[in-house]
Amino acid sequence: MNRKPLFAAFAASMLLLSGVNAASAAAPSGGELDFTVLRGDDEIGTHRLVFTQDGDELKVKIDTTVAVKMLGIAVYRFEHDGSEIWRDGHLVSLESKTNDDGTPHRLEVKEENGKLVVDGDGRQGTEQIGVIPASLWNDNLVKQTALLNTLDGSSMPVTVGKLGTETVEVNGKPVAATHYSVTGKLNRELWYDENGVLVQVRFAGADGSEITYVLR
């Protein structure tokens, strides 16, 4: 069994979260987003974001752990540890380390001389101030035509479509959320609530299975 193609979509999901200030709009009031990761109806991991306001900086810590098992044996593991710093509504620093089933990735992004310097295993170069990383939580993502891959630093052209308002379940309660479809180098269905907070993620695995991030 070739497990890489089967679960490769997890790596893409971490690229594995606004038109207004990111520090006030996209960060949840409770300071964290805690998702259960489902493959179909099976729980396979967690995706957690912690937001801390430190003076004029918004710090975001991102941890993802996924383990897919078949017949009790782990056939795929994904671990991602990332951190972002935002100031005045734009990214000024990003660091991440990823283990994609034994394949390591690392990335460092920092602001220098009016640009973002990107040093990743997939790209070394610069980005304009204002680029949005594909960590999905910042709803300004839906206005972009390219996103920064948070695993290796590559640039991902995307097209985003607005699909309307729908009701999703958050912690057992119905929540009205705007549904967006992201296609291109990243393919995701995203739902943001009326405050611009990410409340659900869905995408298709390479094997056709449905992967959903359910907010707890």
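Residues numbered from 1 in each chain as written. Predicted model: local features only at pLDDT ≥ 70, side-chain atom pairs only at ≥ 80, totals over all residues. Heavy atoms only, no water.

Asks: I would appreciate a short explanation of the overall build of the protein chain in the present structure.
Replies: Tallying secondary structure elements over the protein chain gives 3 helices and 14 strands in all. Accessible surface for the protein chain amounts to roughly 10,000 Å². Of this, 46% is attributable to carbon and sulfur atoms. (Helix = DSSP H or I, 4+ residues; strand = E, 2+ residues; numbered from the N terminus. Areas by Shrake-Rupley, 256 points an atom, 1.4 Å probe, with all protein chains shown as cover.)

Asks: How should the packing of aromatic side chains be read in this particular structure?
Replies: To describe a pair of aromatic rings, you give the distance between the ring centres and the angle between the ring planes. Tallying each qualifying case throughout the model produces 5 aromatic pairs. When the ring of Phe 51 is compared with that of Trp 137, the centres are 5.2 Å apart and the planes differ by 75 degrees; the resulting orientation is edge-to-face. Of the two residues, Phe 51 is situated in strand β2 (residues 42-54) and Trp 137 in the loop between β8 (124-128) and β9 (146-148); the sequence distance between them amounts to 86 residues. Overall, Phe 51 belongs to the buried group, its relative accessible area being 8%. Aromatic side chains Trp 86 and Trp 137 sit 5.4 Å apart centroid to centroid with 75 degrees between the ring planes, which places their arrangement in the edge-to-face category. Taken as a pair, Trp 86 in strand β4 (residues 73-87) and Trp 137 in the loop between β8 and β9 lie far apart in primary sequence, 51 residues in all. We classify Trp 86 as buried; its relative accessible area is 2%. By way of ring pairs, the aromatic residues Phe 35, Phe 203 and Tyr 213 are connected into one cluster. Positioned above the aromatic ring of Phe 203, the side-chain terminus of Arg 188 is 3.8 Å from the ring centre. (Phe/Tyr/Trp six-rings, centres within 6.5 Å; stacked < 30°, edge-to-face > 60°. Buried < 20%, exposed > 50% of the residue type's maximum accessible area, 1.4 Å probe, protein only. Lys NZ or Arg CZ within 6 Å of the ring centre and 35° of its normal.)

Asks: Looking at this structure, I do not really get the pattern of salt bridges. What am I missing?
Replies: Between side chains of opposite charge, a pair can form as their charged atoms come close. Here the structure, examined in full by the defined rule, presents 11 salt bridges. In this structure, Arg 123 and Glu 127 form a salt bridge, with 2.8 Å as the shortest nitrogen-oxygen distance. A residue is classified by how much of its surface remains accessible, and Glu 127, at 13% relative accessible area, is buried. Arg 202 is the salt-bridge partner of Glu 210, the closest N and O atoms lying 4.0 Å from each other. We classify Glu 210 as partly exposed; its relative accessible area is 42%. (Salt bridge = Lys/Arg side-chain N within 4 Å of Asp/Glu carboxyl O.)

Asks: What's the story with the pairing of strand β14 (residues 210-215) in this structure? I'm lost.
Replies: Every regular strand shows the same layout, with side chains that alternate between the two sheet faces. Where strand β1 (residues 32-39) meets β14, 5 bridges bridge the pair, whose relative direction is antiparallel. When the bridges of β14 are listed, Leu 38 appears paired with Thr 212. Taken together, the 5 bridges between strand β13 (residues 198-204) and β14 define a ladder with antiparallel strand orientation. Bridging from a neighbouring strand, Phe 203 pairs with Ile 211 of β14. (Pairing = 2+ DSSP bridges.)

Asks: Where do I start with the confidence of the model for the protein chain in this structure?
Replies: Predicted coordinates in areas of low pLDDT are best not read in detail. Considering every residue of the protein chain, the mean pLDDT works out to 89; 88% of them sit at 70 or more. Highest mean pLDDT in the protein chain belongs to strand β7 (residues 115-120) (98); lowest belongs to helix α3 (residues 22-25) (42). (pLDDT = per-residue confidence, 0-100.)

Asks: Hey, could you run me through the environment of Ser 209 in this one?
Replies: Inspection of the secondary structure puts Ser 209 in the loop between β13 and β14. Here Ser 209 falls in the buried class, since its relative accessible area comes to 15%. Separated by 170 residues in sequence, Ser 209 and Arg 39 place their C-alpha atoms 6.6 Å apart. Polar side-chain contacts of Ser 209 include one of 3.3 Å to the side chain of Arg 39. (Polar contact = N/O pair within 3.5 Å; in protein donor to acceptor, adjacent residues only side chain to side chain.)

Asks: What should I look at first to understand the pairing of strand β10 (residues 155-170) in this one?
Replies: With 3 bridges joining them, β9 and β10 adopt antiparallel strand pairing. Residue pairing for β10: Leu 147 is matched across the bridge by Met 156. In this structure, the hairpin formed by β9 and β10 is closed by a connection of 6 residues, where Gly 153 is found at a positive phi of approximately 90 degrees. Note: β10 against strand β11 (residues 173-184), 12 bridges, orientation antiparallel.

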